[in-house]
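A closer look at the structure
For reference, the chains in residue letters:
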Amino acid sequence: MSLLNQKTLKKFVQFTGVGLHSGKIVNLTIKPAEPDTGIVFKRIDLDKNNFVYPTFLNVSNTSLNTTISNEFGVNVSTIEHLMGALFIIGIDNALIEIDGEEVPILDGSAKEFVEKILSTDLVFSSKPIKIIKINKKIEFQDGNRYASIEPSKLSLDIEFELNYNNSIIGNQKNKVNVYNDELKDILNSRTFCLYEDIEAIRKIGLAKGGSLDNAIVVKGENIMNDGGLRNSKEFVNHKILDCIGDLFTSGYRIIGSVKTLRGGHYLTNQLLREIFSDNNNFSIVEIQEKNLPHTLINKSLLRSIA
């Protein structure tokens, strides 16, 4: 068994919960899949044209979530927390069956996804994983928002800075090495919003399922949730979780160093589009244990899956 070989779940795991934006109860099952399948969503509430692939080119909406669509207009939305969990655990292949259009928000983080996935054994195939190696610096800027990625030796580093005109959120910055650092705070960090934005968000038909059970709400200088924050950088840490999930729409693990200022789903998707617009920007490398003794999954989770 090699940790550098492709992995899937040994048995299915199930989730039920409300969609953050749709407000509808949805059931989701993650099932094992064969090597080289990748991550695939299947809308089981539809009879045909119901497979949706979470690739950056299939991202059809980045307003307050990441939504993917197939050529027939079938959508799956708010995929980012689940995709982040799969990336960090190291799941390469999975069939995700869902009976609605939105992944359940659960507690607003990736915590429950990770805990339940790790409650089942993983299956290691004989097929080696592939990675995307960044060959040169790529940048994308949108007004005062900025994202870049540049070459790195053996890591995926994400440096994220957010700026809010709010005394509680303020300017937060954090940097993580996705394959080596303890990521508990990243996985446990919840989505958030300002109280004064809720009415406007709901007027455009979003956040119908939002509550203090699945989002941090900041009102003035107060956090409305009982218990306050789970960690001192929960706001920026949640943005890093989103970024990891959105990066997984590349289809592979990535070796590179990401920096982003005021980033979000749109910037990460545009950065991926820039990367793959020119084959000179990247290389896809098949990893063999003999030439790279590195797990390319988060080391703090190894004891749970080894």
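For the structure itself, look to the data block above.
Figured I'd write up the structure that's included with this text. Throughout this document, residue positions are counted from 1 along each chain, in the order its sequence is written. Given that the model is predicted, a residue must reach a pLDDT of at least 70 before its local features are reported, and side-chain atom pairs must reach 80 or more before they are shown or counted; all residues, however, enter totals for whole chains, interfaces and linings. Side-chain numbers come from the whole structure's heavy atoms, not from hydrogens or water.

In this section: the side chain of Arg43. Its location among the elements puts Arg43 in strand 4 (residues 39-43). Owing to a relative accessible area of 9%, Arg43 belongs among the buried residues under this scheme. Under this definition, polar contacts are N or O atom pairs within 3.5 Å; protein pairs additionally need one hydrogen-donor-capable and one acceptor-capable atom, and for neighbouring residues in sequence, both atoms have to be side-chain atoms. There is a polar contact of 2.9 Å between the side chain of Arg43 and the side chain of Asp45. Contacts were defined at the residue level, with two residues in contact if any of their heavy atoms lie within 4.5 Å. When residues no more than four places from it in sequence are discounted, the contact partners of Arg43 are Asn50, Val74, Asn75, Val76, Ile98, Gly100 and Glu101. Under the scheme used here, helices are H or I runs from DSSP no shorter than 4 residues and strands are E runs no shorter than 2 residues, and both carry numbers assigned from the N terminus. Only protein chains enter the accessibility calculation, which uses a 1.4 Å probe; a residue is then buried when its area is under 20% of its type maximum, exposed when over 50%, and partly exposed in between.

A few words on the sheet that holds strand 6 (residues 59-61). At least two bridges found by DSSP between two strands are what make those strands a pair. Reading across the sheet, the three strands line up as 6-7-8 and stay open at both edges, with antiparallel pairing between neighbours. Edge positions in the sheet fall to strand 6 and strand 8 (75-76), since each has one partner strand and no second. As paired elements, strand 7 (residues 67-69) and strand 8 share two bridges and run antiparallel to each other. Following the sheet pairing, Ser69 is matched in strand 8 by Asn75.

Glancing now at the environment of Lys42. Looking at the secondary structure, you find Lys42 in strand 4. When the C-alpha positions of Lys42 and Ala200 are compared, they lie 32 Å apart, and in sequence the two are 158 residues distant.

What follows concerns helix 5 (residues 234-247). Helix length check: helix 5, at 14 residues, gives a terminal C-alpha distance of 20 Å against a target of 20 Å (1.5 Å per residue), a fit within 8%. For helix 5, a buried count of 14 out of 14 residues is recorded, marking the element as mostly surrounded by other parts of the structure. To estimate how far a helix should reach, multiply one less than its number of residues by 1.5 Å.

Take the packing of helix 1 (residues 80-89) against helix 2 (residues 111-118) next. In this analysis, axes come from line fits to C-alpha atoms, helices being fitted only over the stretch in contact, and the angle between any two N-to-C directions falls in the range 0 to 180 degrees. One way to put it is that helix 1 packs onto helix 2 with a least axis distance of 9 Å and a crossing angle of 45 degrees. Viewed along their axes, helix 1 and helix 2 adopt a mutual orientation that is oblique. For the crossing formed where helix 1 meets helix 2, the hand is right-handed. Every residue of helix 2 that contacts helix 1 at His81, Leu82, Ala85, Leu86 and Ile89 is listed here: Phe113, Val114, Ile117 and Leu118. Taken together, the residues that form the contact of helix 1 with helix 2 break down as eight nonpolar, one polar and no charged. An angle below 35 degrees is read as roughly parallel, one above 145 as roughly antiparallel, one from 65 to 115 as roughly perpendicular, and any other as oblique. When the near helix sits turned anticlockwise from the far one by under a right angle, the crossing is termed left-handed; a clockwise turn instead gives a right-handed crossing. Following the grouping adopted for this structure description, the nonpolar residues are Ala, Val, Leu, Ile, Met, Phe, Trp, Tyr, Cys and Pro, the charged ones are Asp, Glu, Lys and Arg, and the polar ones are all others, Gly among them.

All right, on to the sheet that holds strand 17 (residues 216-219) then. Reading across from one edge, 16-17-18 is the order of the three strands in this open sheet, with mixed pairing throughout. At either margin of the open sheet sits one strand with a lone partner, and together these are strand 16 (192-194) and strand 18 (222-223). Across three bridges, the pairing between strand 16 and strand 17 is parallel. Counted as the bridge partner of Phe192 is Ile216 from strand 17.

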